[in-house]
Every structure is written in structure tokens, then in C-alpha cells.
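A closer look at the structure
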There are 2 protein chains.
Amino acid sequence: MVSLDLIREISRTSPAKIILLVIDGLGGLPHPETGKTELETASTPNLDRLAVKSVCGLIDPVSSGITPGSAPAHLALFGYDPINCNVGRGVLETMGIDFDLEPGDVAARGNFCTVDKASLITDRRAGRISTEKCAELCQLLDGLAIDNVKIFVRPVRDHRFVVVFRGKNLISDVSDSDPQQTGVPPGSVTAFCPEADRLAGIANQFIGRARTTLAGLRPANMVLLRGFSTQPCLPTMGEIYKLKAAAIASYPMYRGLAKLVGMTVLSTGTTIEDEIKTLKQNYADYDFFYLHVKGADAAGEDGDFDRKVKVIEQVDNAFPGLTSLKPDVIVVTGDHSTPATLKGHSWHPVPILLYSKWCRPDGVDEFSESACLRGGLGRFPATQVMPLAMANALKLTKFGA
Amino acid sequence: MVSLDLIREISRTSPAKIILLVIDGLGGLPHPETGKTELETASTPNLDRLAVKSVCGLIDPVSSGITPGSAPAHLALFGYDPINCNVGRGVLETMGIDFDLEPGDVAARGNFCTVDKASLITDRRAGRISTEKCAELCQLLDGLAIDNVKIFVRPVRDHRFVVVFRGKNLISDVSDSDPQQTGVPPGSVTAFCPEADRLAGIANQFIGRARTTLAGLRPANMVLLRGFSTQPCLPTMGEIYKLKAAAIASYPMYRGLAKLVGMTVLSTGTTIEDEIKTLKQNYADYDFFYLHVKGADAAGEDGDFDRKVKVIEQVDNAFPGLTSLKPDVIVVTGDHSTPATLKGHSWHPVPILLYSKWCRPDGVDEFSESACLRGGLGRFPATQVMPLAMANALKLTKFGA
């Protein structure tokens, strides 16, 4: 497989426009009664019509048998090695609340917890306090500055929050303070290398202040931190592909991932119609658009086969708004499969459709798992989607003489 | 492709059971008259019936165009990189006679040969003496102890035998003593690094004693050694997959390979019916079973198309005994192809069928090379079989958040 260095070498700018539409959790499994997947059950005349003029296939987000989380699955779609570019838990959680991480920030995931008089943990989740309560407590801890490091504390959901340390020379190679068990005291943060001593010291001071601030409160009277991490320093899509890339996504996590690879994140609404409206408004200003539809994954996770079918039908219904722009390349796929029967992400390959004037159509006349199996793209790693899209936009020059 | 380290990180135990049935040399080539391969010629109603509920495909044991030996082909099926985990010739030969190698043992492959009065080799195979004669000579040399190293000498076949050196600090990085030509004297064993000096010295002493012991005998009056090697220290399948794995195989080489990756090797008979009986008797005690059927490969090697067809039919006939156990995942495949028309192992991809409740069936309704070509698994490296089987048993957790 080619490296991003090679792509960087042979990519060139051109006016051609690429749209990558990611229907989150698109791939599915057959309904036990009908034998048809969600996508096969949905009525998708517009996608089917495009399939006839497209080349189709199936992608493996990470590798055969591997069920990916959203972060590796998306990074792969953007062309990055999803295993080596793994994003830490603290950073992911922070992305998920739309917090604006800066390079060098260290983020950790936190729990409010309960400790007893002997300082032993009795409940790692403080009885799952409400998100509102969590927000109140975060306000008590937010805004500290220790040794020129600014500390942001923001609620996530229930007992969960994030802490972001912003300052110079912060190396995140430190242990968790969360022992992940009860009956023991909260741990302290220890550095795994001398360079991380500074962050470990500041994190422990923060934990000490939190202990003092929360003392006397119930049930949340202490904090546990884990997953200290910084954003991986990835080459941007602008650097690799020479694209001016924009993201249209309503969920924070996906906006965060798009930002991580250097896309401009556009404001948009929550429906596919809103997203296509945003696409139209900004169409002249970018040559790559990543559109993200969350509903299919959410329905799959809930085990709601019919709702997933409906989400796919909504996308199909709005799809002519996208094709009416006559982009040079249209890619429709998912980041991973989320079969309603499994109620979660899965390892199954994901159907993909790639339209361009320069694709070699393959006789596939509908967009579905079984039809894509006969597609001209075959079965291939998701990391190859971007090189293919670039090629079909004539944005990759010849390799070698 | 994912590393075993990643799989080790995301694997988990569960009661789900996986059966991997390896029909050795399964893949074939069309019969010149009928245009059908051995598998396509065989009547396999039971395998065909399971194919309908399964996902099928074709695997490459090592890489496109590479004809593998049994060791790399099997290691790949077990998930190990067949190129980096290569097993030395001495070790392989020793496994093939069911000798119980211990960690640290150094094994070498030996030839009885003929030397003339000037100590020049006149026949590297001593006129291919009989296996019985070879066994007699081995007894003369067996059981020596040199410098606290115990030396085992065991017959293999014809003029071939193995020597196993058992003791402390034996490093196998030494040259062959076999010059692989006649008209020259046998070489001595030389160390490629200082750590291997000890083994080289002991091997040369052994060769000296053999020369003395065999002097005056005809035609075998000397030994040639090559392929000094130790068992590669592989992480076990228990460590990687958290499986309790059992092997059911009647041929020594395959039992040896299974032992090498940490499987428990069960006693069994020589027929597929014996093996399925063993499977049933031990079904409760393990969650992974590797069953090996040798006959198809042996028939292919002999160029006996019809016998290979019959072996496959015997497997199909016994197959309901396996499915009646209702394992969560069933994989049926071969380690490599052995087309009868080629009379040997070949590079052709091998059909594979994977059944689980969670597979995505692909419309393939018979188990054959040509049908598998249309299968949902596509064509993929054999090293991915285990991750796929694990995923389908729901024994792999999500990678990344």
C-alpha cells in the first residue's frame, strides 16, 4: 500500500471537487426474517441510479475481523494509518464535547467519584450523578492555573468530564490516577519518562485541589483521571492531498476528527438537508467536502433496524441536492458497519460507491452490500479511498517515468 | 494488516467455540477432461449446505505466487507471520517424527553418507540406505553426552535422521557440515557468532565420534549435518487469542506445529471419523479446535486426482458429526493447494468457508474454488483467518474509541 509521503509527492491542486459522504455505521447484517440488510431493505432510487454510473466495492476500515471505533475508522477514510495514528482517550473525549484543543494541550478523561473517610474509593462513578450536577462541579474546578499551566475542566455526561492542561512543555506520557477498582485510594499520576515529570506534578496538584474543593460534598467528593493524551501531530489533508478541505458534521467528535486532519469545520444543522444546504452555501470555496450522517449508526447501536432503514432513505431522498452540484467525484460509504442485529459497531466490510466521469463502471446497479460484492473496486482497505478519490478527480500525477 | 500485539490487546475469552478444519492441500486445478477441480468434482452436499449460511472466499497462504511448505502455511492459518516465524529445517524434521522438542533444544537434519579412504564424500546419501538400516545406525550414535549436552539421534527415512542437542547455552547460529557436493571432505560446523562456539564445538565432537563409530562400515560411514535450529519462541495462541486451543491431527508434523503455538495436542486416530470422535469427547474442555486431514494433500502429491476427490467426500460425509455440536464458528479451508495435476504443493489460493451466526452470507451456495471466488470474504491473506474467526465468535473487542 502506498504511503502518504508518496501521495504528497504526486498530488496536485485542480478545480475538481470531491464529496465524501459518510453514512456512519452504514454496513449491516441481514434481517432474520427477510434476509436483507438495512441498506438492502431501504428504498434508495437515487443512490441506485448513481451506482449504475459508478464503481463499487467493499472497504475494511482497519483490517479483517477488526471492529473499529469511530476515530480509527474515520482516520482510515481520510487516508491515515488507523493503527499508528490512534487518538488517545482524553483527546477523543475532549473532541466529543467540541472543546477547541490546541497543539500541545494535554487532555484527560475524568470521573467524579466517591471516597470514604479513609480516602478509599467506594464508587468510581459517584452514583452516576446527573450531567447538570457534573457541570456544577466542573465549574468549581475550572480555570485554575498551576505553574503557568491553565486548566480547563468541562462536563461530558453523567459523572464524566474532561480536564485540559494548556501550557509549555507538557508531555502526556503519564499514568492514570484512576485505579479502576474500589476499596483502594485514588492513585497519583506518575511520569513514565523524565520529560513527563512536569505534567505529572501539575496533574497531582490539580487532583489535590479537587480533593480540597470537593471535600464535604456528597456523593461526588473526588476525581479520577485517565487517558492523558495530546493530539497526534498528523500531516494535514492540505499538506498531503493539496486539498482545501471542509467538514460538514453535526456531532462534535467528527468535527474534532476533521479538525485534527486540518479540515475547516463549517457550521451546520443536524439533518442531512441542513448539511446539503451548508454544502451548497460553501461549494465555491473548497474542493473537498466531508459530510457526516450520524443517525444510521445511532439506530444500529439501538438495535432499531427500521429506524436505520429510514435514516438511509432520508439520505437518499436528500441526495439529489448533492448530485445537482455536479461534483467531479462522489464517494458514498460508511466509516464501519453497525448492524442493528448486533447493536454495535462490527468488523463487517462497508459498501462503497465511487462516482466520477473517469471511473470504470462495473455493472452494479444498486447500492447494497451484496451488489457491492460484485463491484469493480473489490474489497480493499479504507485507507485507499482517498487515493482513489484523488485519482478519479485527476488530482494525482503519474508515479515514476 | 494488524499485528498479533493488537489482537492480544483486544481479544477476550468467552464460552463461544471455534472449529478450524484444515483439509491439507485442499485447493486444486481443473481436471483436463472435465474442467473441474478435485473439490468441484467431489460430491459435498454437507459442505455445500453450510456454504449457503456462510461467508466464503479464497486465501493466500503466504503471498501471491508463493508455494508454501506445510509449516509456513499452517503458521499463517494460526495467525502468525509465515515469513518472520519461519521454522528451521532441523526443527521441522524433528517435529515430523514426533520427537518431543524442549525449549532450547537445537535440532539438525542429518544424512548418512559415504566417504572414501581420503575422506572425500563419494555419495551424500550412502546409496539411500533403508529406513531400517538408518535406525540401526542411529542406535549406534544415540545417547551420547558431551560437555553436559545430551545428544539424541533418531531415524527419519532412508538415509535421513535428526540429531537433537539438549543442554544449556546452545545457540544454533552455526554453519552446516554438509558441503552439498561430492569429491570434497565433510565440512566442520563453524559458529557465526561467539555465543554459538559452544554448540559448534559439541557438534564437531559428535561428528568426530560418528566418524569413529561408523569407520569400516559400508556404504554409510559418515554423517553430514545441516539446518541447525531451535524452536522459534512464538507467543502462544492462549496468549494472543486467550483461547484454550486443542489440536486433533494424526500426523506428527502437524502435532508439532500445534504444540509450537501452544495448543494441547489430543490423542486421536487416523481417519476423519476418529478425529470427530476425539472432537466430541473433548468438546467441553476447549474453545478452539484445529482438525487436520492429511489425505487430500497426500493424494495430490501422488497425482491421484480421484483419490483426492474421495478424501474430500469422506470429509463431507463425516461433517455432520462436527456440525451437530453446533459450534459458534466453523472454518473449513486448506493450508495450501496441492493440485493432482501438479503433483505437489502450489501457490494457488485456497477456498475458505466461514460459518457463524454473525457472518454476512454472500449467495455462494457450494464450496468450491469457483464459487468461493464470488464470496464475501474476497481474496485475502491466510493470516487474517484467525482474526476473522475470533470476530465472528464475538471474541474481539472494539479497537479505538
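**Regarding the pattern of salt bridges**
One pass over the structure, following the stated rule, counts 34 salt bridges over all chains. The closest approach of N and O atoms between Asp98(A) and Arg255(A), which form a salt bridge, is 2.2 Å. On the criterion of sequence distance, the pair formed by Asp98(A) in the loop between helix 5 (89–96) and strand 3 (106–115) and Arg255(A) in helix 9 (residues 252–260) is long-range, its members being 157 residues apart. Asp98(A) sits in the partly exposed class, given a relative accessible area of 34%. Between Arg166(B) and Glu102(B) there is a salt bridge, with the nearest N and O atoms lying 3.5 Å from each other. One end of the pair, Arg166(B), is in strand 7 (residues 160–166); the other, Glu102(B), is in the loop between helix 5 (89–95) and strand 3 (106–115), with 64 residues separating them in the sequence. Owing to a relative accessible area of 40%, Glu102(B) belongs among the partly exposed residues under this scheme.

**Focus on the sheet that holds strand 2 (residues 55–60) of chain B**
Residue and element names in this part refer to chain B. The mixed open sheet is built from eight strands, whose spatial order is 10-9-11-1-12-13-2-14. Bordering the open sheet on either side are strand 10 (264–265) and strand 14 (378–381), each of which pairs with just one other strand. Strands strand 2, strand 12 (329–333) and strand 13 (350–356) of the sheet are contacted by helix 3 (residues 45–52), whose axis makes an angle of about 60 degrees with strand 13. Across the face of the sheet, helix 14 (residues 385–392) comes into contact with strand 1 (18–23), strand 2, strand 11 (288–293), strand 12, strand 13 and strand 14 while running at roughly 15 degrees to strand 13.

**Some thoughts on the nonpolar core**
One finds Leu21(B), Met263(B) and Phe288(B) to be the most contacted residues of the largest nonpolar core, which totals 105 residues. With eight residues, the top contributor of residues to this core is helix 12 (residues 305–323) of chain B. What Met263(B) contacts, discounting residues up to four positions off in sequence, is Phe78(B), Met237(B), Ala245(B), Ala246(B), Ala247(B), Ala258(B), Phe288(B) and Tyr290(B). Ranked by size, the runner-up nonpolar core spans 95 residues in total, among them Leu47(A), Ala246(A), Ile276(A) and Ala296(A).

**A few points about the relation of the copies chain A and chain B**
Placing chain A over chain B gives an RMSD of 0.3 Å and needs a rotation angle of 125 degrees, together with 0.3 Å of translation along the axis. Considering both components of the superposition, the chain copies are consistent with a three-fold axis.

**Side note on the environment of Ala51(B)**
Residue and element names in this part refer to chain B. Looking at where Ala51 falls in the secondary structure, it is placed in helix 3. Ala51 sits in the buried class, given a relative accessible area of 0%. For the pair Ala51 and Pro361, spaced 310 residues apart in the sequence, the C-alpha separation amounts to 8.4 Å. Those residues in contact with Ala51 that lie beyond four places of it in its chain are Cys56, Leu353, Val364, Asp365, Glu366 and Phe367.

**A short note on the packing of helix 6 (residues 131–141) of chain B against helix 7 (residues 197–214) of chain B**
Residues and elements named next belong to chain B. Between helix 6 and helix 7, the least distance of the axes is 10 Å, while the angle of their chain directions is 120 degrees. As far as their axial angle goes, helix 7 and helix 6 are oblique. As for the relative orientation of helix 6 and helix 7, their crossing is right-handed in sense. Side by side, helix 6 and helix 7 meet where Leu137, Leu140 and Leu141 of the first sit next to Phe206, Ala210, Thr213 and Leu214 of the second. Class assignment for the residues of the contact of helix 6 with helix 7 results in six nonpolar, one polar and no charged.

**Considering the confidence of the model for chain A**
Residues at a pLDDT of 70 or more form 100% of chain A, whose mean pLDDT is 95. Here the predicted complex scores 0.89 on pTM and 0.87 on ipTM.

**Notes on the interface of chain A and chain B**
Often the size quoted for an interface is simply the accessible area lost on bringing the parts together. At the junction of the two partners, chain A supplies 31 residues and chain B supplies 26 residues. When the two sides are added together, the surface that chain A and chain B hide from each other amounts to roughly 2,100 Å², 65% of it contributed by carbon and sulfur. Where chain A touches chain B, the interface holds zero salt bridges. Between the two partners, chain A and chain B, sit nine residue pairs in polar contact (both at pLDDT 80 or more). Broken down by element, the residue count for the side of chain A that touches chain B peaks at three residues, all from helix 4 (residues 70–77) of chain A. In terms of residue class, the side of chain A that touches chain B is built from 15 nonpolar, 13 polar and three charged.

Reading the values: rules and limits
- Residues numbered from 1 in each chain as written.
- Chains lettered and ligands numbered in written order.
- Predicted model: local features only at pLDDT ≥ 70, side-chain atom pairs only at ≥ 80, totals over all residues.
- Heavy atoms only, no water.
- Salt bridge = Lys/Arg side-chain N within 4 Å of Asp/Glu carboxyl O.
- Helix = DSSP H or I, 4+ residues; strand = E, 2+ residues; numbered from the N terminus.
- Buried < 20%, exposed > 50% of the residue type's maximum accessible area, 1.4 Å probe, protein only.
- Pairing = 2+ DSSP bridges.
- Contact = heavy atoms within 4.5 Å.
- Axes fitted to C-alpha atoms, helices over the stretch in contact; angles between N-to-C directions.
- Core = buried A, V, L, I, M, F, W, Y, C linked by side-chain atoms within 4.5 Å.
- Least-squares fit on C-alpha atoms with pLDDT ≥ 70 in both.
- Parallel < 35°, antiparallel > 145°, perpendicular 65-115°, else oblique.
- Left-handed = near helix turned anticlockwise from the far one by under 90°.
- Nonpolar A, V, L, I, M, F, W, Y, C, P; charged D, E, K, R; others polar.
- pLDDT = per-residue confidence, 0-100.
- Buried area = accessible area lost by both parts, 1.4 Å probe.
- Polar contact = N/O pair within 3.5 Å; in protein donor to acceptor, adjacent residues only side chain to side chain.

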